[in-house]
Every structure is written in C-alpha cells, then in structure tokens.
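Read off the chains here:
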Amino acid sequence: TSIPEISKVGAQKLTSNRVNVGGTFGYTKQVKRFVVGAEVDFGSQRFDKSVSGTGTYPCCAPEAFTINQSVKNNWLLTVRPRAGFATKKVFVYAIGGLAVTKINYSENFNDTFSASQSGNFNKTKAGWTVGAGVEAKVARQWSVKGEYLFNQFNRNTITSNNLNSDGIPF
C-alpha cells in the first residue's frame, strides 16, 4: 500500500525559467518574404535545483518518509531548422529540432524506520526543442535575436539496490 504514495511524493517537477547565453551559427535562404534555414547553437544553461517531498506511510501512520532530489546541468546544444516570414529588417520564425545536454541527477530516500536509499546518474541526453523568435538586421550580415526555447528530455528510471533498513522488514 505504500508504493503508490512513495511514487506520488517522488514525482516532483524540476523546472527552470532562467535566461541562457550562447552562440549560434546558421544559414538562411529568403524567397520573397518566406525564410527557411538551419542553425546550431551552444550555450550556457546553468540549471541547479533541488526539491524535497515528505509523505506518510498509509499502512503505518504516523511513520513518514522523505525524498530529496536534485538536478544540475551546465550546457545545451541544439540543432534545428527554422522557418518564418521577414520584412525589410525583422524576421519572425518558428524552430524545432534536436537538443543535447549533460544531466546530473541524484535522489535520496529516508524514513522514520531508519531506512535509506539513494540513486543517481550523470549522462549526456538527447531530446527535442521547439520555440519561436524574432531577429532584427543591424548591419549587412549581422543581426540580433531573441527567442524562446522549450526543451524536453526523456525520463530516466533508476533502479537502486542499496536499501539499508536496520533490520526493519519491508
């Protein structure tokens, strides 16, 4: 009866809303007002967040458990086509494609029975990205832009075999 409650507490959201800085290399082709192209960018993505959740065992109240989770990453690489419409100096576009980053995740489970368990991974992950932007021409072959990107990386499952229970049967 405890597994659904532990799963519920462990399903914590670790999201970021930070501004990232990086560099972009790309190519675009314009036909009248329609513009298509592709770009590659690499940037700093300083993401470092921790969350904690606590629950009570349904079988054994008031006995409780706590799950601590943290995630970190420092960079993001995207490769994506883009398409949109341009005026003389402004280009409005949509983008979508491949996203790659290195994610460092860890979790720790403790309860009032003195049980503890931990798990982690540190791996490069591929996912996808979508977004939109506005680019303005500032010189013959130079422009500045602002864009919004949403990145999604697949879920990971960690199987841990390091449960310590001080002799408490589970």
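Details of the structure are given in the entry above.
In this text the structure is predicted, and so the values were computed from the model without any measurement.

## Considerations on the environment of Gln-152
Logical step 1: In this structure, Gln-152 sits in strand β6 (residues 142-153).
Logical step 2: Once the C-alpha coordinates of Gln-152 and Trp-128 are considered, the two residues, 24 residues apart in sequence, prove to be 5.5 Å apart.
Logical step 3: Excluding its chain neighbours within four sequence positions, the residues that come into contact with Gln-152 are Gly-127 and Trp-128.

## Focus: the pairing of strand β3 (residues 64-86)
Logical step 1: Here strand β2 (residues 34-56) pairs with β3 via 21 bridges, running antiparallel. Counterpart to Ser-44 in the pairing with β3 is Trp-75.
Logical step 2: As judged from the 17 bridges shared by β3 and strand β4 (residues 90-111), these two strands associate in the antiparallel manner. Bridge pairing in β4 links Ile-67 to Phe-109.
Logical step 3: Counted along the chain from β3 to the antiparallel partner β4, the turn is three residues long.

## Points about the environment of Gln-12
Logical step 1: Secondary-structure assignment places Gln-12 in the loop between α1 (3-10) and β1 (21-31).
Logical step 2: Classification of Gln-12 by relative accessible area gives buried; the value is 19%.
Logical step 3: When the C-alpha positions of Gln-12 and Ser-52 are compared, they lie 8.0 Å apart, and in sequence the two are 40 residues distant.
Logical step 4: Apart from the residues lying within four places of it in its own chain, the contact partners of Gln-12 are Val-51, Ser-52, Gly-53, Ile-67 and Gln-69.

Basis of the calculations
Residues numbered from 1 in each chain as written. Predicted model: local features only at pLDDT ≥ 70, side-chain atom pairs only at ≥ 80, totals over all residues. Heavy atoms only, no water. Helix = DSSP H or I, 4+ residues; strand = E, 2+ residues; numbered from the N terminus. Contact = heavy atoms within 4.5 Å. Pairing = 2+ DSSP bridges. Buried < 20%, exposed > 50% of the residue type's maximum accessible area, 1.4 Å probe, protein only.

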